[in-house]
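Reading the structure
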Amino acid sequence: CGDALLIDPSDQYSANTFWTEPEHFEAGLTGSYNSLYSLYNVFSGETDMITPNAKAYNEANGTDGIAKGSALATTGLFSNLWNNAYEGIGRCNTVLDQLENSPLSAEETGLIEGQALFLRSLLYHYLIDHFGAVPLVLETPDPALHGDLPRSDKEEIISQLLVDLDRAVVLLPDRYTGDDVGKATSGAALALKSRILLFEKRWDEAAAVAKEVIDLNVYELFDDYRGIWYLENENNEEVIFDIQYQVPFFTHGFDHTSKLLNRPAPLKDLVDAYLMVDGKSTKTSDLFDADHPYENRDPRLHQSIAIAGYPYNGRLTTPDDVVTTGFGNKKQTVYKDDVAIANVVANNSELNIILIRYAEVLLNYAEALNEAEGPVDEVYWAINEIRKRPSVAMPVLEARMGQDQMRETIRLERRIELALEGRYYSDIRRWKTAEIVNNGPIFNAADEVIEQRTFNAGRDYLWAVPPNQIDLNPNLEQNPNW
Amino acid sequence: QTLSLAVKNRPLSDVFQQIKDQTDFVVVYNERFVNPDTRVSISVEHAPLTKLLETLLRPLSLGYHITEHTIVITALPEEQKSTRLAEQEAASQRTVTGRVTDEMGNPLDGVTVAVKDVGLATTTDVQGNYRISVSGDGAVLVFTIIGFESHEQTLGTKNVVNVVLKASISDLDEVVVVGYGTQKKINLTGSVSTMSSEDIENRPITNATQALQGMTGLYVNQAGGQPGKDGAVLRIRGQGTFNNNNPLVLVDGVEFPLADVNPNDIESITVLKDAASASIYGNRAANGVILVTTKSGVAGDTRINYNNYIGLQAPTYLPKTVKDPVRFMELRNQAGFNAGRAQAFYSEEVIEEYRKGTDPYIYPHNDWIDIMFNDALIQEHNLRISGGSDKLGFSVSAGYLDQKGVLMGTDGGRFAVRSGLNYQYKNWLKLETDLSFNQRTSHEPATTAGTMMEMVFKAQGFHPTYLEDGRYADTWIRSPGHNVYRHPLVWANEGFFNTKRLNGMLNFSAEVTLPFGITYLAKVGFSKLSTFEERFVPDIYMYQVKTLAEQRVDYYTPNKNRHVYNNHAEGLNTTLYNTLNYEATFADSHHIKALLGSSFEQFEDRFFNSLIEGFLGNTLTEINAGSVNPQVNGTSNKNALIGTFGRLNYDYSDKYLFEVNFRYDGSSRFAEGNQWGFFPSVSLGWRLDQENFLKTQRWISALKIRGSYGVLGNQGIPNFSYVNLVEAGREYLFGGAVSPGVAVESFRDPNITWETTTMANLGVDASFFESRLDLTLDLYNKRTDDILRPVTLPSQVGNLGGPIRNIGSVKNVGLDVNLVHRNTIGKLNYAVNLGLNYNVNKVTDLNGEIIYSGDKFITREGYPIDSYYVLESAGLFQTTEEIESSPFQNITTKPGYIRYLDQNQDNVINSNDRIVTGSVLPDYTYSFGLDLNYGQFSLGAFFQGVKGVNTYPEAIIATPFWFATSVTERWANESWTPERPDAPLPILTSFEDSQNDNFLKSDFWVLDASYLRLKNIQLGYTLPQRFSDKIGLNRCLFFVNGQNLLTFSDMKDFDPERNVKQANYYEYPSIKMYTVGINVTF
């Protein structure tokens, strides 16, 4: 009668008997993509609130503490990235290991392998960008093998990512159609590679790889800057890699937090950074009118930021709408300026979160090339491409600049073009400007000081490894001064 | 010579003395025939001596003769006696009838009714009625039956004598329910606590788990009083494991949730605490076993009992928050400035406008705690009909509970029916069947009561209720950090979350009496638990008080559009067991009982749920009225247990007691090869009171020493924890379509097996001064090894959930004491009792590992499970100089902030400076009670206390302005300012601004959650029998009852009887109740 005690689970697969059918491998890869959802906080632009671009409306995730320099090693955002990136890495590793027994054709197997390699590289990139070197795990997770691994050598990780991305480029197509839209392409692998090289200051290579993306002729800038993030324009020609959302199963809350909670709340510093339509700064342009400070500005200002007295969601924004700083975020929300729709219910947003778009590749290209070769024509070309976007139509760069001046121009262009998309926090850290720009008072629309920011150059360029991870694996070394 | 005499109920010797006084005659007698203490009544005036002696002595069957000045009392010769009796019967015979009942009004069958000092006796019938012939007014009737105090009643002239017998104080013959059988309490060698229905009678017990409060060795913590969801947490002898610590609950032998039993159906509860008594339940017994026996039919008159109560409930504690909107805004601004903010949250203009504002719709001053919490009605009715003949017994009951909630938008109820039948066929077959059906309902807001609580605490005085036209109003005040107003009245009154639990149990058993003292019992039980939940989140709009701008009210959790969600979960438990019993006595003094049995249990669970959006309005709330975004989910699950068990009892002359138990148990929760375990126990007892050297010590009524040792198991982990699984449902979206995805999410250990608890128990049961003082004392040492606990893996291992593994040992050493004193002084009966459990919990071995859980708990060798692991505080900083000369804390540290101690002396305060302190496990739990009976009145009171337990509340109420919400009066008035340097609280800041300073996890916020509480007090009045007889009632009791009326505790803003590990104050409030009721028996 002991047979009555032999019961098998009926709603989960036993790991020993899984990985036989072709669908199992597809599903394993899909499960790897699935872990991208849990990194929403890192991907959605949360980190812009740790920069002079924006402020958090409340203390969820601990961004405000990071910005003020009072954060603890236990800050939620740190462990969120650490844990969830390794979750995705583990899933990719499992699939990659299982592919050895794949019953699929070589081509199909290669497609899965290429995507898994891309996803794994993407996640490692986010890890090393924030934590520096981390333990490099490339096999199916096993506590005995990986539980006590110390941090790997950063060079080793970078070369692994470059090798993996090269292989992904070979294995993956440059575009998908139909049911495959949303999967990683060879262009995505190249674009990520250019970003990694740029972050590593390997300028020549970064420029060359960015050029490869440009030369694919797959991507182009979307005419309508604001419209990049309209629901009807999802997966447009500018998007290189994004996270796909759709109600009711895959949703996030960015519309709700942006519009109703005023989170993120852009800061005066960002608003002031937008140039005048003549291409000059507010300080130097004759067009600037202190009584109407938001007139005649780079069109991207009103396409990115809600300002009292200007239309958003079919009516004029009121100070009550933007109570935190006097500014609100429009990017990555579904609301249009001229049409009123009901407020999206909390956690019911389905707009894809774009992680890599073509404009960034152009900016990577410009920056890397300027660093490698100085302000050569191609640098101007790349920046002007962005400025010439029909809905932006800012004056092209004409004056001959020195390398330093060009560097500043590129950095400003990058800040404006990619504002509130989660890129700026990485930029000010790799430019080592965070200790300047994020160290001092921040201001609201009325130019009142809101609070003081502090950036500890000896510590804050990297996040703390979550202390509980060090408790669990004492071989992990904490970052300096945490 | 004549005499006059008038005595009433005096000893015979008194009468003889009076005769002597009046006549100078000496009275002599032989005590062999004459009992001088016999009480007599006689009244004569100027009667001759001979006449008096005739009248006095004849009823006593005595004769006399007179010589000289001596009266010699003699026994009558037999023939004379009978003629006298005949004469007597002829002369003054009358028939006395009556009814004998127990204190509950139950008829007592087989009571011996004797005429004192006359050889006449009869017994009561099954209805408790008797009929007896007596003569003379002075006759005394004596009522005796085992288990009750004997009672003497002088007849007087009454011909109907109804008597109520009091249960014997001595519990020598008390029988208690033990695993798969019963045992005389006096012969128990294990450690058990028992409780009977009388202990909880008339108390407003809304959930049967509350009934166990006060049982020795049991920690009953009832956190919150939400109608329909107010079950208590039960712990027996500390916490032994990291997984399931709940005791096994068996109702009539079948595993069943105690919360789903109608408290009124409970006849008795036995708690098996030590290994000897529990090991017969093998791999589920480690946390102790609770055996619940329900009421069944007894032969006798049909009895109808009806009882009810009705009353009011009110929250025990509610936090005192700053209500005035202007003061709130000013305080929050001040808090921001205190923390170094440059900008006010609320501008001076807004505050000024509010201050001057007169329109109550735009400038409300709402007290949301007052609006949302209200006294609430409760009523319960129970009806039971029971009775039977000598072959057939039945008991049918129905109960109804209706409980409104003290929090708006919550209520609950219960409807229960139960029927039990037992039938004796010939003298060899006994059949028994029980059928019960219990429906519990609860209604709460769509966001659930916990979130509702959170929102009530979030709403401020300036948040409006309604517009003048009755529409819901939205605030015009924007509060950074809390910009979205989630209207509490909308949450409470629009939409719903309803839970309906329908639980049925069917038991059937047959007991066959076989030759040679063997009986065979087979039992089959099915219990079906079905839970149905439905949630409706409507679209409700509110309108800004100034602009009338429309805004949909956000429901927060779930963060979804208007939708309906249904969830149907059900469980089917099947229990089969059979036992062989053997009982025999050899050579008068060797008494043997043996039991052998086997059992099979299977637990099947499944759920199915669905959700749909796209409703056309807020009126229809069924799934099929929705149209878009349908979602479904569901699964099923099964596990099984098989066991063989046995017990042998042996006693020699009721003096030396010996018992062994075993169970060989298999569980499907482990892999093949690791499923089976053996759980033996042995216990010994010595009844010293039966020894000759103590028999003569009359002050000792009973004395027993007992000891036990045994092994118990625990398999309370999730199913399939032994096999690595690939989880489905990890989808992603490609090309706008959902693509199925899977992932491995945890790492499993295939070698796990049950954990083992070894327990030694040493106990004394003593009773002194004719049972006026009872003492039970137990010392135990409980060690749990191979504890099944989840191991946390470093996230770098794929962020996998760690395996459950057999690791480590925990020790619980403790003491249970129970002391009872009872006495009768005149018409006053009283009993006081005291129960105490002292327990020391200590992790003895973790293979050198340390377990961190949450952000403030640690489990490490040498400390109790889940101790707090936090910074140590040392008061508040007073000056900047002090901060500068202290170890670095944070760049934001300011005067008035908490100062922490630098434990590792590295001049920096960080997580390396944490210390282990405080515990979530109480050191002591204790209770004491008082029962008084005086004539028709009774008074009962029951106190419960907990000592040495900590809690750590966070979020709203605990911290000021948590996410822009409430601040308590305590924070407003007792926080640090330069003028108030000795304040008990740090300077007022919001949680957000100083979470990395003042609200670091530290012992500053570890609160002492000890309390002493008057759980229950009850005053009753029983209608005198002569009145109740007149209206045809056997018994009629009126009572008033108070629950949780008094609490002594250091906790200020919330009830200390809480789930101490809950990190916030969103638990439904505990309630106090005032009820009145009646309990009548026909």
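First, a word on what this report is: a plain description of the structure on this page. In every chain, residue numbers begin from 1 and rise along the written sequence. Each chain gets a letter, beginning with A, and each ligand a number, beginning with 1, in the order they are written. pLDDT decides what is reported in this predicted model: residues at 70 or higher carry local features, side-chain atom pairs at 80 or more are listed and counted, and totals for whole chains, interfaces and linings draw on all residues regardless. Hydrogens and waters are ignored; side-chain quantities use all the structure's heavy atoms.

1. Focus on the interface of chain B and chain A
- The interface of chain B with chain A comprises 80 residues on the first partner and 91 residues on the second.
- By salt bridge we mean one thing: a side-chain nitrogen of Lys or Arg within 4 Å of a carboxyl oxygen of Asp or Glu. Here chain B is connected to chain A by 3 salt bridges.
- Ionic pairing is found between Arg914 of chain B and Asp471 of chain A, a salt bridge with its closest N-O pair at 3.9 Å.
- Polar contact criterion, stated in full: a pair of N or O atoms within 3.5 Å, where within protein one must be able to donate a hydrogen and the other to accept it, and residues adjacent in sequence count only if both atoms are side-chain atoms. The tally of links from chain B across to chain A stands at 24 residue pairs in polar contact (both at pLDDT 80 or more).
- Numbering goes from the N terminus for both helices and strands, where a helix is a DSSP run of H or I of at least four residues and a strand is a run of E of at least two. Elements that contribute at least two residues to the side of chain B that touches chain A include exactly strand S31 (550-552), strand S34 (628-652), strand S35 (656-667), strand S38 (725-728), strand S39 (732-734), strand S40 (737-739), strand S41 (742-743) and helix H14 (991-994) of chain B.
- If you tally residues by element for the side of chain B that touches chain A, the top one is S34 of chain B, at 10 residues.
- Within the side of chain B that touches chain A, the residues separate by chemical class into 32 nonpolar, 33 polar and 15 charged.
- For two strands to count as paired, DSSP must find a minimum of two bridges between them. In this structure, strand S1 (residues 13-14) of chain A lies alongside S38 of chain B, joined through 2 bridges in antiparallel fashion. When the bridges of S38 of chain B are listed, Tyr13 of chain A appears paired with Val726 of chain B. Pairs of residues are marked as contacts when any of their non-hydrogen atoms sit within 4.5 Å. Three categories are distinguished: nonpolar for Ala, Val, Leu, Ile, Met, Phe, Trp, Tyr, Cys and Pro, charged for Asp, Glu, Lys and Arg, and polar for the others, with Gly belonging to the last.

2. Here we look at the packing of aromatic side chains
- Classification of ring pairs rests on two measures: the distance between centres of Phe, Tyr or Trp rings, Trp counted by its six-membered ring, which must be within 6.5 Å, and the angle between planes, read as stacked under 30 degrees, edge-to-face over 60 and tilted in between. For the structure on display, the rule yields 65 aromatic pairs over all chains.
- Ring-pair connections join several aromatic residues into one group, and the members of that group are Phe78, Trp82, Tyr86, Tyr124, Phe131, Tyr425, Trp463 and Trp482 of chain A.
- In this structure, Arg459 of chain A is placed above the aromatic ring of Trp482 of chain A, and the distance from its NZ or CZ to the ring centre is 4.4 Å.
- The criterion is that NZ of a Lys, or CZ of an Arg, lies within 6 Å of the ring centre and within 35 degrees of the ring normal, and then a charge sits over that ring. Between Arg1026 of chain B and the ring centre of Phe1027 of chain B, over which it is positioned, the NZ or CZ distance is 5.1 Å.

3. Considering a negative patch on the surface
- Here a patch means residues that are over 30% exposed by relative accessible area and free of salt bridges, tied together within 9 Å if like-charged and within 5 Å if nonpolar (Val, Leu, Ile, Met, Phe, Trp, Tyr). For the accessible areas, the method is Shrake-Rupley and the probe is 1.4 Å, while residue cover comes only from the protein chains on display. The convention is simple: Lys and Arg are positive, Asp and Glu are negative, and His and the chain ends are not counted. Every charge is mapped onto a representative atom, which is NZ of Lys, CZ of Arg, CG of Asp or CD of Glu. On the surface, Glu21, Glu23, Glu26, Glu107 and Glu108 of chain A cluster together into a negatively charged patch.
- Mapped onto the negative patch, the elements with two or more residues apiece are helix H1 (22-34) and helix H5 (106-131) of chain A.

4. Considerations on the sheet that holds S41 of chain B
- Spatially, S1(A)-S38(B)-S41(B) is the arrangement adopted by the 3 strands of the open sheet, whose pairing is antiparallel. In this open sheet, the two edge strands, each paired with only one partner strand, are S1 of chain A together with S41 of chain B.

5. Notes on the nonpolar core
- Buried residues of nine kinds, namely Ala, Val, Leu, Ile, Met, Phe, Trp, Tyr and Cys, make up a nonpolar core once their side-chain atoms join them within 4.5 Å. Only protein chains enter the accessibility calculation, which uses a 1.4 Å probe; a residue is then buried when its area is under 20% of its type maximum, exposed when over 50%, and partly exposed in between. Leu36, Phe118 and Phe241 of chain A are the most contacted members of the largest nonpolar core, which totals 111 residues.
- When near neighbours in sequence (up to four residues on either side) are disregarded, Phe118 of chain A contacts Leu165, Ala168, Ala184, Ala188, Ala189, Leu192 and Phe241 of chain A.
- Of all hydrophobic cores here, the second largest spans 102 residues; its members include Met329, Tyr363, Ala446 and Ile851 of chain B.

6. Here we look at a nonpolar patch on the surface
Residues and elements named next belong to chain B.
- A cluster of nonpolar side chains, contributed by Ile310, Leu312, Leu377, Tyr934, Phe937, Leu1019, Val1040, Tyr1074 and Val1076, occupies part of the molecular surface with about 830 Å² of accessible area.
- Elements with a minimum of two residues in the nonpolar patch: strand S22 (300-315) and strand S60 (1071-1081).
- Note on placement: Tyr934 falls in strand S54 (residues 924-934).
- Judged by relative accessible area, which is 48%, Tyr934 ranks as partly exposed.

7. What to know about unusual backbone geometry
- Residue Val247 of chain A is joined to Pro248 of chain A through a cis peptide bond whose omega torsion reads 5°.
- Within the secondary structure, Pro248 of chain A is located in the loop between strand S3 (239-243) and helix H10 (254-259).
- Note that the residue after Arg263 of chain A, namely Pro264 of chain A, is joined by a cis bond; omega there is 5°.
- Mapping Pro264 of chain A onto the fold places it in the loop between H10 and strand S4 (265-266).
- Unlike most non-glycine residues, Asp447 of chain A shows phi in positive territory, near 65°.
- Structurally, Asp447 of chain A is set in the loop between strand S10 (440-443) and strand S11 (449-453).
- Even without being a glycine, Asp654 of chain B presents a positive backbone phi close to 55°.
- Since its relative accessible area comes to 26%, Asp654 of chain B is described here as partly exposed.

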